[in-house]
Amino acid sequence: MLLLGIDLGTSSIKVSVIDAQTNRRVVSTQYPDNEAAIISEQQGWAEQDPNLWWEYTKLAIKKLNSTGLYNPKHIGAIGIAYQMHGLVIVDKDQHPLRNAIIWCDSRAVAIGNQAISDLSSTGFLASHLNSPGNFTASKLAWVKQNEPELYARIHKFMLPGDYLSMCLTGEINSNISSISEGILWDFKNNRISETLLDYYGIDQDLVPDILAVFSNYGQIKADVADELNLSRDAFVSYKAGDQPNNALSLNVFDPGEVAATAGTSGVIYAVTDQLVYDQESRVNTFAHVNHDYTKTSLGILLCINGTGIQNSWMKKITARGNDYVQINQLASNIAIGF
């Protein structure tokens, strides 16, 4: 059996086919070749069009199929990794109602700050392990406050990976790891956060169904299978945010293990089995991929938002034709502090 992996990144959609018997990669590609656009209509805003995510995903899979290195009909399961903390809202026909508000958008900072100020006396940090901050729930609250007519048309909200899964299967669902990214999981009571939903006035009916991280999120739709030349028996079996997924790919599962990765942002990610949190919210704690109702497994995440994108910016204005490897070699010859 073959496995299809989809990575919904900020800059592109990356796809890979893996041989499940040998655990070896058959082939990988991405779409588009250049960085995907980020829409910023106001300072601090960052949006992307979910419809383009889906179009790019289909084009990436077709590009992968065109290599002729495997039989697409042999793909049995699909896994999705995705940029964390984004907000996608859809109507009852599963059409996006607006651009996705992505992870690096900062419009909801004031809303999240007010929420933690008002909720601090309830023990919110001890039960949710994070401030509401600028995460998915606060972004949804921003839509409710600023786009009420659009908000009234919402059927479900979801994370970016949930949206791609919906496009593949027609099913709307999520998991504890993903929902915890939005600060919508109450770890102390092991349930969706009634506290934050009530505070923001968000109807719990808007929350997608919650399944296990490794689960059957739905069988691929017949028309999608036919368009992409995939088996109609293939199904989405896994989805997680990019940082828990990166830790998974590095075999970081157990308490005390740490992963360090760099992309558009730079992240240090450590696993713990304790309900720990930072009183000052300098680091964040989310459900790891092997967390469930009976087992505590959390990822403590320190993110420096600008690391990779600053490197890209420096390359564009100073590289003079050099690639990243050459830039790193040149930088290594410069004394620290200069």
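What you see is a predicted model, and the numbers here were worked out from it, not measured in a lab.

Analysis parameters
- Residues numbered from 1 in each chain as written.
- Predicted model: local features only at pLDDT ≥ 70, side-chain atom pairs only at ≥ 80, totals over all residues.
- Heavy atoms only, no water.
- Pairing = 2+ DSSP bridges.
- Helix = DSSP H or I, 4+ residues; strand = E, 2+ residues; numbered from the N terminus.
- Axes fitted to C-alpha atoms, helices over the stretch in contact; angles between N-to-C directions.
- Phe/Tyr/Trp six-rings, centres within 6.5 Å; stacked < 30°, edge-to-face > 60°.
- Buried < 20%, exposed > 50% of the residue type's maximum accessible area, 1.4 Å probe, protein only.
- Lys NZ or Arg CZ within 6 Å of the ring centre and 35° of its normal.
- Salt bridge = Lys/Arg side-chain N within 4 Å of Asp/Glu carboxyl O.
- Core = buried A, V, L, I, M, F, W, Y, C linked by side-chain atoms within 4.5 Å.
- Contact = heavy atoms within 4.5 Å.

(A) Quick peek at the sheet that holds strand S18 (residues 298-304). The strand order across the open sheet built from 4 strands is S15-S16-S18-S17, with neighbouring strands paired in antiparallel fashion. Bordering the open sheet on either side are strand S15 (258-262) and strand S17 (284-287), each of which pairs with just one other strand. Strand after strand, the sheet turns through a mean of 25 degrees between neighbouring axes, direction not considered. Across 7 bridges, strand S16 (residues 266-272) lies against S18 in antiparallel orientation.

(B) How the structure looks around the packing of aromatic side chains. Applying the stated criterion to the full structure yields 7 aromatic pairs. Note on Trp-45 and Trp-142: the rings are 5.4 Å apart at their centroids and 85 degrees apart in plane angle, and the pair reads as edge-to-face. On the criterion of sequence distance, the pair formed by Trp-45 in the loop between strand S3 (24-31) and strand S4 (47-48) and Trp-142 in helix H4 (residues 136-146) is long-range, its members being 97 residues apart. On the accessibility criterion, Trp-45 (16% relative accessible area) is buried. The side chain of Lys-144 reaches across the aromatic face of Tyr-151, ending 5.9 Å from its centre.

(C) Broad picture of the pattern of salt bridges. Inspection of every chain in the model, using the stated rule, returns 13 salt bridges. Across the pair Asp-33 and Lys-63 runs a salt bridge whose closest N-O atoms are separated by 3.1 Å. You can see Asp-33 sitting in the loop between S3 and S4 and its partner Lys-63 sitting in helix H1 (residues 50-65), a full 30 residues away along the chain. Linking Glu-227 and Lys-62 is a salt bridge whose minimum nitrogen-to-oxygen distance equals 3.1 Å. Taken together, the residues Glu-227 in helix H9 (residues 222-228) and Lys-62 in helix H1 connect sequence positions 165 residues apart. In this structure Glu-227 comes out as partly exposed when scored by relative accessible area, which is 38%. The exposure class assigned to Lys-62 is partly exposed, which follows from its relative accessible area of 36%.

(D) Local environment of the nonpolar core. One finds Ile-89, Leu-140, Val-143, Phe-157, Leu-196 and Tyr-200 to be the most contacted residues of the largest nonpolar core, which totals 47 residues. Setting aside residues no more than four positions away along its own chain, Leu-140 makes contact with Leu-87, Ile-89, Tyr-151, Ile-154, Phe-157 and Ile-202. Residues Leu-8, Val-27, Tyr-56 and Ile-61 belong to the second largest nonpolar core, which totals 42 residues.

(E) Structural context of the sheet that holds strand S1 (residues 2-8). The 6 strands lie next to each other as S3-S2-S1-S5-S14-S13, forming an open sheet whose pairing is mixed. A strand with exactly one partner marks an edge of an open sheet, and here the two such strands are S3 and strand S13 (214-219). Recorded for the sheet is a direction-independent mean angle of 25 degrees between the axes of neighbouring strands. Pairing between S1 and strand S5 (residues 75-82): 7 bridges, direction parallel. Along S5, the bridge assignment pairs Ile-6 with Ile-80.

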